[in-house]
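# Structural overview
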Amino acid sequence: MPAIAYFAVFSAVLLPAALYFYQAYKEQGNIKDISDFFPLKRSISSGEYRSTTVAAGMSLATVIISLLNLSPLMGITLMVSVVSYALSFLILYPCVNKIMTANPDNDTIQTFLGKAYKSPAVRHSALIFSLIGYLSIFSMELLVGVTVLEPFLGEKVLFFSFIYLIFIIIYSLMSGYRAIIITDKWQLRFIILSLASLLLFAILETSNSASDIHLPEIFRQISHSWVPVWPFIIGIVCMNLPAPISDPGTWQRLCSTRKPTEAKRGLLQIAPLFAVLWAVIVLFGCYYGRIAQINNNFDPASQSLISATLTTLSTNGILYIILLTAFVLGMFSAMISTADSLLIITGQIIAIDFMGLKKDQVDCNDGGILKRARIAMLFIAIISFVIFTIFKLIKFDVVQLVFAIYGAQLAMFPSVVVALFLGKKINISKARVAATLSVFSGFVAGWSSALYGKLTGSSNWLYNAPVSALVVSFIPFIVFFAIKFISRKDKRRKDDR
């Protein structure tokens, strides 16, 4: 790689880091208590809700890398992911009033479940499995971030990831959730700039090609690139559609909006924005994958599309270096956006739910409560780095992580749905055992499916992780309601006699 490419990449990494650090530093004066540090107040506007949700959702691991690398293999089949993820926020739309009304204290989703079922067991099982999941997701963001820089850093990439982790920790600990809300506006702009650079790059590669490129034929190939990989299709739909209702991060952002009307306004903006941004990534991957093969810049049998893209951007003159800078800027903005949000979510779980810190405690004088909250976040960040190192050593790739981790998080979906929609119609405290078993069995099923697929080399079992988690987690409730129905029927027969 030429020296100017190294300079461009590290400038693109350091620029958002410096900007976000400055924004977090300025915001420190607004942190009065733990409610300001964590999303415990209903204070953000629809625009802020839109920015923070889109920026967090456009995460490096789950979107840019996965979609780019899969697009040459799966083509427009990946549009299933685009459509289902955008639709998931429209599915969340009619649930907004119920969620915000059912959760007036702005509790975490795990505490809400504990209160709804009047069961510490439900709460603790949801807390433990959510914490495992979110520690893994945080580790995944570090894992993918370093894979992007491997062409530039080689064996030193692990050291860089440790340095970047320290930055994320310091930046997040300064101002917590308020810093995230402020910086997510910038992160979204950088992400859009990054995608725009990809489009311009594709145009340049087409016009500078030494070979004849027949665009009608390429577009025809793209339109016919549907691959009926049904385990993947079913898995991605199952993973995306129900996720916002039971995802702890989405729940916290939604409940921190000022009022339901603001949240709904934000959701109507989020769905089309996600559809456009994700579609750009998929279509770029489908198109450039073909152009790069014609220009002999990409061999799908021996390298990933993201690696080929970075190599071409790094070795073709100053205009390409500018595009490289914009692309890396957006990718690392996405990684920071997701990593800081995950750190806040897991920090809140530890500080509020496990350590029992009270959100209405004010300690402006000695800062004891905030100090303990920050220590909790530091602790989970260190644990995440250990998990990341393990993932790195066993070579657990991104796609495997996405389906395993996000799929297992669906284990809470049945419990949340029953609590929201049946909580006032029946006494769901009688279903506390079913809820506990639902969370436990769903989480185990999701991870078991993914790990079995990893060990046997069966991608279908990897893709089936979300389906396994969701289906198995529903079984305890189905059994509970079946038993309840049979017992009522028997009681009526006895009364008739």
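Before any of the text, the structure's been laid out above.
Heads up: these notes are all about the structure in this document. These numbers were taken from a predicted model, which means no experiment stands behind them.

## Some points on the overall build of the protein chain
- Counting its secondary structure elements, the protein chain contains 22 helices and zero strands.
- Burial analysis of the protein chain (497 residues in total) assigns 58% to the buried set.
- Restricting to contacts in the protein chain with at least 6 residues of sequence separation, those with at least 24 account for 87%.

## Considering the pattern of salt bridges
- In this structure the tally under the stated criterion is six salt bridges.
- When the shortest N-O distance is used, the salt bridge between aspartate 353 and arginine 123 registers 3.5 Å. A residue pair is termed long-range when its members are at least 10 positions apart, and aspartate 353 in helix H16 (residues 318-354) and arginine 123 in helix H8 (residues 120-153) qualify at 230 residues.
- Note that arginine 220 and glutamate 217 form a salt bridge whose closest N and O atoms lie 2.9 Å from each other. Taken as a pair, arginine 220 and glutamate 217 lie in helix H10 (residues 215-223) at a separation of three residues, close to a single helical turn.
- Look at arginine 220 and you get partly exposed, because its relative accessible area is 41%.
- A cluster of three or more residues bridged by salt bridges with shared partners is formed by Arg258, Glu262 and Arg265.

## As for the side chain of aspartate 107
- By secondary structure assignment, the location of aspartate 107 is in the loop between helix H6 (96-102) and helix H7 (109-117).
- Reaching out from aspartate 107, the side chain makes a polar contact with the side chain of lysine 115 at a distance of 2.7 Å.

## As for helix H14 (residues 260-294)
- For H14, which comprises 35 residues, the first-to-last C-alpha distance of 51 Å matches the rise-based estimate of 51 Å (1.5 Å per residue) to within 8%.
- Asparagine 296 lies just past H14 and shows a positive phi near 60°.

## Looking at the packing of aromatic side chains
- Taken as a whole, this structure holds 23 aromatic pairs when the rule is applied.
- Ring geometry for phenylalanine 201 against phenylalanine 284: centres 6.3 Å apart, planes inclined by 45°, an arrangement best described as tilted. Of this pair, phenylalanine 201 sits in helix H9 (residues 157-207) while phenylalanine 284 is found in helix H14, placing the two residues 83 residues apart along the sequence. Each member of the pair phenylalanine 201 and phenylalanine 284 is classed as buried.
- The structure contains a cluster of three or more aromatic residues connected by ring pairs, namely Tyr85, Phe89, Phe274 and Trp278.
- The cationic tip of arginine 189 hangs over the ring face of tryptophan 186; the distance from NZ or CZ to the ring centre is 4.8 Å.
- Geometry around tyrosine 93 places lysine 264 over its ring, the cationic atom sitting 5.3 Å from the centre.

## Digging into the nonpolar core
- Phe38 and Tyr117 are the most contacted members of the largest nonpolar core, which has 163 residues in total.
- Those residues within four positions of tyrosine 117 in sequence are excluded, and the remaining contacts are Val122, Pro414, Ser415, Val418, Ala419, Ile428, Ser429, Ala431, Arg432, Ala435 and Phe477.

## A word on the packing of H7 against helix H19 (residues 413-422)
- Contact geometry for H7 and H19: axes closest at 10 Å, N-to-C directions at 55°. Considered as vectors, H7 and H19 are oriented oblique to each other. By crossing handedness, the relation of H7 to H19 is classed as left-handed. Along its contact with H7, which presents Ile109, Phe112, Leu113, Ala116 and Tyr117, the element H19 presents Pro414, Ser415, Val416, Val418, Ala419 and Leu420.
- Partitioning the contact of H7 with H19 into residue classes produces ten nonpolar, one polar and no charged.

Cut-offs and rules
- Along each chain, residue indices are assigned from 1 in the same order as the chain's sequence is written.
- Per-residue local features are limited, in this predicted model, to residues with pLDDT of at least 70; the limit for side-chain atom pairs, both in listing and counting, is 80 or more; totals at the level of whole chains, interfaces and linings are taken over all residues.
- Water and hydrogen atoms play no part in the side-chain values, which are based on all heavy atoms of the structure.
- Helix numbering and strand numbering both begin at the N terminus, where a helix is a DSSP run of H or I of at least 4 residues and a strand a DSSP run of E of at least 2.
- Per-residue accessibility, obtained with a 1.4 Å probe over protein chains only, is compared with the maximum for each type, and a residue is labelled buried under 20%, exposed over 50%, and partly exposed between these values.
- Throughout, a residue-residue contact means that at least one pair of heavy atoms, one from each residue, lies within 4.5 Å.
- The term salt bridge refers to a pairing of a side-chain nitrogen on Lys or Arg with a carboxyl oxygen on Asp or Glu at a separation within 4 Å.
- Under this definition, polar contacts are N or O atom pairs within 3.5 Å; protein pairs additionally need one hydrogen-donor-capable and one acceptor-capable atom, and for neighbouring residues in sequence, both atoms have to be side-chain atoms.
- Under the convention used throughout, the expected extent of a helix is 1.5 Å for every residue step, that is, one less than its residue count.
- Here the aromatic set is Phe, Tyr and Trp, taking the six-membered ring for Trp, and pairing holds for ring centres within 6.5 Å; pairs whose planes are under 30 degrees apart are stacked, those over 60 apart are edge-to-face, and all others are tilted.
- Comment: the charge-over-ring label is applied if NZ (Lys) or CZ (Arg) is within 6 Å of the ring centre and within 35 degrees of the ring normal.
- Only buried residues count toward a nonpolar core, which is a set of Ala, Val, Leu, Ile, Met, Phe, Trp, Tyr and Cys residues joined through side-chain atoms within 4.5 Å.
- Helix axes are fitted to C-alpha atoms over the stretch in contact, other axes to C-alpha atoms as well, and angles between N-to-C directions run from 0 to 180 degrees.
- Angle categories are assigned with fixed cut-offs, so that under 35 degrees is roughly parallel, over 145 is roughly antiparallel, 65 to 115 is roughly perpendicular, and the rest are oblique.
- In this scheme the crossing of two helices becomes right-handed for a clockwise turn of the near helix relative to the far one and left-handed for an anticlockwise turn of less than a right angle.
- Classes in brief: Ala, Val, Leu, Ile, Met, Phe, Trp, Tyr, Cys and Pro nonpolar; Asp, Glu, Lys and Arg charged; the others, Gly included, polar.

Keep in mind that these numbers describe shape and distance, not what the molecule does.
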